[in-house]
There are 2 protein chains.
Amino acid sequence: MKVLIVGGVAGGAGAATRLRRQSEDAQIILFEKGEYISYANCGLPYYIGGIIKEKEKLIVTQPELLRSRFRIDVRTKSEVVKIDREKKTVTVQNHADGTVYEESYDKLILSPGAVPKRPNLPGIDSEGIFTLRTVPDTYQIDAYIKEKNAKTAVVVGAGFIGVEMAENLKERGLDVTIVEFLDQAIASLDPEMAAILHRHMRENGIKLLFGTGVQGFEKGDGLKVKLTGDREIPADVVILSIGVAPDSRLAKEAGLELGVGGSIQVDDTFATSDPDIFAVGDAISVRQIVTGDKTLIPLAGPANKQGRLAGDNVLGQRITKDSGVQGSAVLKVFDMTAASTGLNEKQLKAQKVPYQKTYVHPSSHAGYYPGSSQLSMKLLFAPDGKILGAQAVGFDGVEKRIDVLATALRLGGTVYDLEKLELCYAPPYSSAKDPVNMLGFTAANILRGDVKVFHFDEVDSLDREKVTLLDVRTPDEMKMGTLDGAAGIPLDSLRERMSELPKNKPVYAFCQVGLRGYLAARILVQNGYDVYNLSGGYKTYITAKG
Amino acid sequence: MKVLIVGGVAGGAGAATRLRRQSEDAQIILFEKGEYISYANCGLPYYIGGIIKEKEKLIVTQPELLRSRFRIDVRTKSEVVKIDREKKTVTVQNHADGTVYEESYDKLILSPGAVPKRPNLPGIDSEGIFTLRTVPDTYQIDAYIKEKNAKTAVVVGAGFIGVEMAENLKERGLDVTIVEFLDQAIASLDPEMAAILHRHMRENGIKLLFGTGVQGFEKGDGLKVKLTGDREIPADVVILSIGVAPDSRLAKEAGLELGVGGSIQVDDTFATSDPDIFAVGDAISVRQIVTGDKTLIPLAGPANKQGRLAGDNVLGQRITKDSGVQGSAVLKVFDMTAASTGLNEKQLKAQKVPYQKTYVHPSSHAGYYPGSSQLSMKLLFAPDGKILGAQAVGFDGVEKRIDVLATALRLGGTVYDLEKLELCYAPPYSSAKDPVNMLGFTAANILRGDVKVFHFDEVDSLDREKVTLLDVRTPDEMKMGTLDGAAGIPLDSLRERMSELPKNKPVYAFCQVGLRGYLAARILVQNGYDVYNLSGGYKTYITAKG
Ligand SMILES: Cc1cc2nc3c(=O)[nH]c(=O)nc-3n(C[C@H](O)[C@H](O)[C@H](O)COP(=O)(O)OP(=O)(O)OC[C@H]3O[C@@H](n4cnc5c(N)ncnc54)[C@H](O)[C@@H]3O)c2cc1C
Ligand SMILES: Cc1cc2nc3c(=O)[nH]c(=O)nc-3n(C[C@H](O)[C@H](O)[C@H](O)COP(=O)(O)OP(=O)(O)OC[C@H]3O[C@@H](n4cnc5c(N)ncnc54)[C@H](O)[C@@H]3O)c2cc1C
Ligand SMILES: CC(C)(COP(=O)(O)OP(=O)(O)OC[C@H]1O[C@@H](n2cnc3c(N)ncnc32)[C@H](O)[C@@H]1OP(=O)(O)O)[C@@H](O)C(=O)NCCC(=O)NCCS
Ligand SMILES: CC(C)(COP(=O)(O)OP(=O)(O)OC[C@H]1O[C@@H](n2cnc3c(N)ncnc32)[C@H](O)[C@@H]1OP(=O)(O)O)[C@@H](O)C(=O)NCCC(=O)NCCS
């Protein structure tokens, strides 16, 4: 069997090696239009920041190894420009010598990735405006910064790559501004979680301009970035990171069915609408495991695993079906980590999935052991308890908790399962009740009806006449700031002073993180009050406010 | 309802607070024979090591808070010495004023914990021999070391507490020897995994005497610890940490049913054989979720969660059944972390549970991003793929992977689920194929029959006449050490040189960690050879050899 593969990185190289392991007989040709294969896309920002210092480190597997060890006919600088499905051939343009030739196939695997979006704005083609996708992109940015002795950078778009680039440019000593159209960075987080990152980025000297569009660029003695609202900011270098679009040009021209966002449509074996053509990676749309809907999740983990499965399936002997993607992602920003899995609240709302939510702010490990720090966590769950998504931000132990939650989500777990999870505990690592257990407890308490909650985004619109807003923290804590119109009865005197609270109005109780508010709610409910506790407490509210 | 609770720490205090949240009406009296309640047992070794510096930090919740916030009648220095089940009373001895009184109950919750084993050896009561369980134990050890200006310590028993104490005594500047009857430390790990820790402990100056029993102590100008084989070693201070026994004295005297190891027998609601008496924590036996057998798992996570459930169940309104314990545990030893969940190989063998196993040694995060280190991981799984247990040792990201595996195990996951897990990936945190995925891939490859494996413990007994032992690493690697009698053909020339291998004998291939051996196996199998790959490679073999 002769298998051609288009694209030599996560999905493509991964399919090629797996295919070889499954079949010594297959003839495998890997086409890569660029100079490099099997490179570490995800490491590129860190090369620019000087964290990764050696160029070799950006290449995970050398072409020579794919040739010698896997007998893969690796052809770099070789762009597949056309697929002829009738003849079962592709047309290849050799960028090294300019030749063009055809190559026949029995099966074809497409893993062309995605292309950074480049909006059609005035001045967009000026020198000094870059996108980052490949190794040569990286070298170009690096060289340009050196050559021009760049001092200021504007990053357009505050997604993962934008934020990573902002951090790395800052680490390199540039003055960095991020311009973002939305009101927040990292869209996979909900705004109140992203707010924690915003603060950390600002503390680390990154300027953030949210709700701001770029209208064009002007080249003079350096670049000027023209913003909505008639502002402009100077920049020696601009990084465009406003997202990627699936690279489906070839597939489209070959008449293959396309899906969401112009992606290549595949079934759950990664076959396209042509059974002899498979596709994986950033170019395809995938099934979101929470909703079952097709969506775009351009991440390296899924791309690699899809490549592995396509490498099996293309042989036709053993078919492994894909189980979908959940979108687990993590980001380092200076000393902080943010991670998430599944759907966020914005997505659940947009897709009209019924959900509830809970916030906790536990310690990363036992507070009595040195070095712990506070985590902020959010869990989204269905009325029947099913985990729908989770987000966490903090300095330590963040991705561990999201990995655990991602595992529970993948296995169809519920908040009741989270209550039971038995995770590793010793003081340097966690608490006897792990933060993930705490999410489970608080969520299950809501579903079992032990406590009713209200949320930070309802606080401002609560009619202070119709409800009693009750701060159960200490007077000292209240002095540092409390909610408008809140009465104060510290938890520890609540039983004595309860009669101060009118019984004919619901009580909206709150504390710093939600625990004392919950205890207050349990006391009051049993005394005949209608009570709501502010999930995540004043901390979630005030963080969300920015 | 009047509920008495015996024991004021993990299980007891946790039951009391939960019970109060569920019922404002209940009368709750908490008896603790010692001076302190709600203390951080798990933090005690770190106080001795000077890592935790403030005494206050060892108390998680002050009795005053349990009184004011939870209206719990906390009685310290109050030992429950007898239960009268007929009369539904307990007899309490007040150690502060010497009085003895009775207290009646509707329901009784026992969480008396466990007692450190203290073998009946000559000289065992000499000054300077300690066990560590409570806050006063800790202060005593601390004071003794200061007072005697102790320079040498012998720790008897290399379980979790023994190893933590050895580390902390070493950090404090003492010369430390661990004496252990078994051939390894940390019995929850299998020996080849524990071997990694042994090396690290030795590198950090801890002396390890395995296979060595203590026969007695002699007090002279300091202590002498008398060992099997007529040896003796001097010690200024001795820590006995040879395990704990469930404290079931009260329960036994009250005629309650006992179970494994003299533990208090409970059903899955934590009721004892007397429906008005519940028991939780280290004193009870629990259902191991892998086998369903009753066993002892004295850990703080389970004790806390059991307390929480007992606090519910005792009220009789809403009954929550326990789902068993899996025994997830983690240990810090100097710069290393070791963690495990589920059953180990020794236990599976002893209980005749059919299993297979796989080893991997992946990088803690992407190798191209600075600071990664090698993990050593072992997965035990059933013939149908069910996860039975997992172990990991390394410098970074160890407990994260075991937490993920613990979650998968708890939710009934299989190795095929591990292949699919979508965990957080960015270069500082993991690889696109996470180490847990790698465990899944290698395990599933075995079960699907893509590769047959052999293990480090079969190597020495392989008949070199009847098999071809094949090292597929490079000649340079072979020079650093290889298996006795191994032929060498580097993987990358295997296809060319295959004919050197006799076809009438099985090939036992190996490499450094197992990956190249697997690739070799795939090549050879497809060329008609009968092949086995050494799981975990030469690294697992040589580590196991010590
Ligand atoms: C800067 C950066 C940071 C990232 N960080 C992370 C991260 O931390 N975590 C994470 O999970 N993901 C991250 N990603 C995303 C991840 O790299 C991608 O999801 C993954 O590489 C997708 O794999 P793929 O095979 O689909 O595409 P790619 O890896 O992009 O490979 C596609 C290849 O196909 C080639 N190609 C395209 N068309 C043709 C053609 N017609 N002929 C021949 N060759 C062709 C391209 O040149 C390209 O090399 C990051 C991406 C970037 C750019
Ligand atoms: C040094 C050390 C380190 C540890 N490290 C870890 C770790 O890192 N991770 C982990 O998971 N676990 C660890 N543990 C184990 C953990 O502390 C226990 O599993 C947990 O505390 C058990 O809770 P419990 O309520 O059953 O018993 P305990 O916490 O021991 O509480 C029992 C209490 O009951 C009191 N009591 C007993 N009998 C009576 C009576 N008749 N009347 C009144 N009071 C009575 C005792 O004085 C004691 O205070 C460690 C234990 C020790 C000693
Ligand atoms: C490296 C690359 C070529 C894939 O190579 P690969 O050989 O398929 O994958 P890995 O090196 O990750 O190894 C995984 C394989 O080794 C096996 N393996 C790993 N450790 C093993 C061990 N100790 N023993 C036995 N087998 C082992 C796994 O089972 C798996 O094989 P399988 O798929 O047949 O089950 C491809 O992933 C790539 O190009 N990556 C770099 C680009 C990239 O991913 N960029 C985006 C992220 S930065
Ligand atoms: C501390 C101790 C008294 C238990 O107190 P507790 O109030 O039950 O438990 P925690 O403080 O851990 O808080 C957990 C409770 O707060 C709730 N909670 C936690 N964070 C919350 C938040 N942000 N919002 C709302 N509720 C929250 C949880 O849901 C849980 O309540 P529930 O059981 O009713 O569901 C007991 O665990 C103890 O004595 N521990 C120290 C001893 C010990 O464990 N030693 C061994 C290990 S070192």
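Look up a bit, the structure's there.
Residues numbered from 1 in each chain as written. Chains lettered and ligands numbered in written order. Predicted model: local features only at pLDDT ≥ 70, side-chain atom pairs only at ≥ 80, totals over all residues. Heavy atoms only, no water.

Asks: Help me understand unusual backbone geometry, please; the structure alone is not making it clear to me.
Replies: Residues and elements named next belong to chain A. For serine 38, which is not a glycine, the phi torsion comes out positive at approximately 45 degrees. Mapped onto the secondary structure, serine 38 falls in the loop between strand S2 (27–31) and helix H2 (44–48). Although it is not a glycine, isoleucine 186 adopts a positive phi angle of roughly 50 degrees. Note that isoleucine 186 resides in the loop between strand S11 (175–179) and helix H6 (191–203). (Helix = DSSP H or I, 4+ residues; strand = E, 2+ residues; numbered from the N terminus.)

Asks: Would you mind showing me how to read the sheet that holds strand S13 (residues 214–220) of chain B here?
Replies: All names here are of chain B. The 3 strands lie next to each other as S13-S14-S15, forming an open sheet whose pairing is antiparallel. Two strands lie at the open edges of the sheet, namely S13 and strand S15 (231–235), each paired on one side alone. Taking each pair of neighbouring strands and ignoring which way they run, the sheet shows an average axis angle of 25 degrees. In this structure, S13 lies alongside strand S14 (residues 222–227), joined through 6 bridges in antiparallel fashion. Each bridged residue has a counterpart across the sheet, and for valine 214 the counterpart in S14 is leucine 227. (Pairing = 2+ DSSP bridges. Axes fitted to C-alpha atoms, helices over the stretch in contact; angles between N-to-C directions.)

Asks: Sorry, what's going on with the packing of aromatic side chains here?
Replies: Each aromatic ring pair is characterised by the separation of its centres together with the angle its planes make. Residues and elements named next belong to chain A. Tallied over the entire structure, the rule returns 16 aromatic pairs over all chains. Taken together, the ring pairs connect Tyr36, Tyr47 and Tyr139 into an aromatic cluster. Taking NZ or CZ as reference, lysine 503 lies 5.1 Å from the ring centre of tyrosine 529, over its face. (Phe/Tyr/Trp six-rings, centres within 6.5 Å; stacked < 30°, edge-to-face > 60°. Lys NZ or Arg CZ within 6 Å of the ring centre and 35° of its normal.)

Asks: Please clarify how the interface of chain B and chain A should be interpreted in this entry.
Replies: Accessible area lost when the parts come together is the quantity often used to give the size of an interface. Listed per partner, the contact involves 84 residues of chain B and 84 residues of chain A. Carbon and sulfur atoms make up 56% of the surface buried where chain B meets chain A, a total of about 7600 Å² over both sides. Of all residues in chain B, Tyr368(B), Glu422(B) and Arg495(B) give up the largest surface area on contact with chain A, accounting jointly for 11% of the area buried on that side. The interface formed by chain B and chain A contains 16 salt bridges. Put simply, Asp450(A) and Arg318(B) hold a salt bridge, and the shortest N to O gap is 2.8 Å. Summed over the shared surface of chain B and chain A, the result is 33 residue pairs in polar contact (both at pLDDT 80 or more). By residue class, the composition of the side of chain B that touches chain A is 38 nonpolar, 19 polar and 27 charged. (Contact = heavy atoms within 4.5 Å. Buried area = accessible area lost by both parts, 1.4 Å probe. Salt bridge = Lys/Arg side-chain N within 4 Å of Asp/Glu carboxyl O. Polar contact = N/O pair within 3.5 Å; in protein donor to acceptor, adjacent residues only side chain to side chain. Nonpolar A, V, L, I, M, F, W, Y, C, P; charged D, E, K, R; others polar.)

Asks: What is the right way to read the site of ligand 2 from this model?
Replies: As a matter of local geometry, ligand 2 sits amid 32 residues, with Glu32(B), Tyr39(B), Ser111(B), Arg133(B) and Asp282(B) nearest to it. Residues close to ligand 2 are split across chains A and B. Contact between ligand 2 and Val80(B): a nitrogen atom at 2.9 Å from a main-chain N or O atom of the residue. Within the side chain of Ser111(B), a nitrogen or oxygen atom sits 2.8 Å from an oxygen atom of ligand 2. Relative to its unbound accessible area of 990 Å², ligand 2 is 95% covered by the protein chains. (Near = heavy atom within 4 Å. Areas by Shrake-Rupley, 256 points an atom, 1.4 Å probe, with all protein chains shown as cover.)

Asks: I tried to follow helix H5 (residues 160–171) of chain B on my own but got confused; where do I start?
Replies: Residue and element names in this part refer to chain B. The end-to-end C-alpha distance of H5, which contains 12 residues, comes to 16 Å, matching closely the 16 Å that a straight helix rising 1.5 Å per residue would cover. By the burial criterion, the buried members of H5 are Gly162, Val163, Glu164, Met165, Ala166, Glu167, Asn168 and Leu169. Phi turns positive one or two residues past the end of H5, at glycine 173, with a value near 105 degrees. (Expected span 1.5 Å × (residues − 1). Buried < 20%, exposed > 50% of the residue type's maximum accessible area, 1.4 Å probe, protein only.)

Asks: Which parts of the structure should I look at to understand the site of ligand 3?
Replies: Inspection of the region around ligand 3 gives 29 residues, with Thr17(A), Arg18(A), Arg21(A), Arg308(A) and Tyr518(B) positioned closest. Residues near ligand 3 are shared among chains A and B, making this a multi-chain site. One nitrogen or oxygen atom from the side chain of Ser38(A) is found 2.7 Å from an oxygen atom belonging to ligand 3. Within the backbone of Val513(B), an N or O atom sits 3.0 Å from a nitrogen atom of ligand 3.

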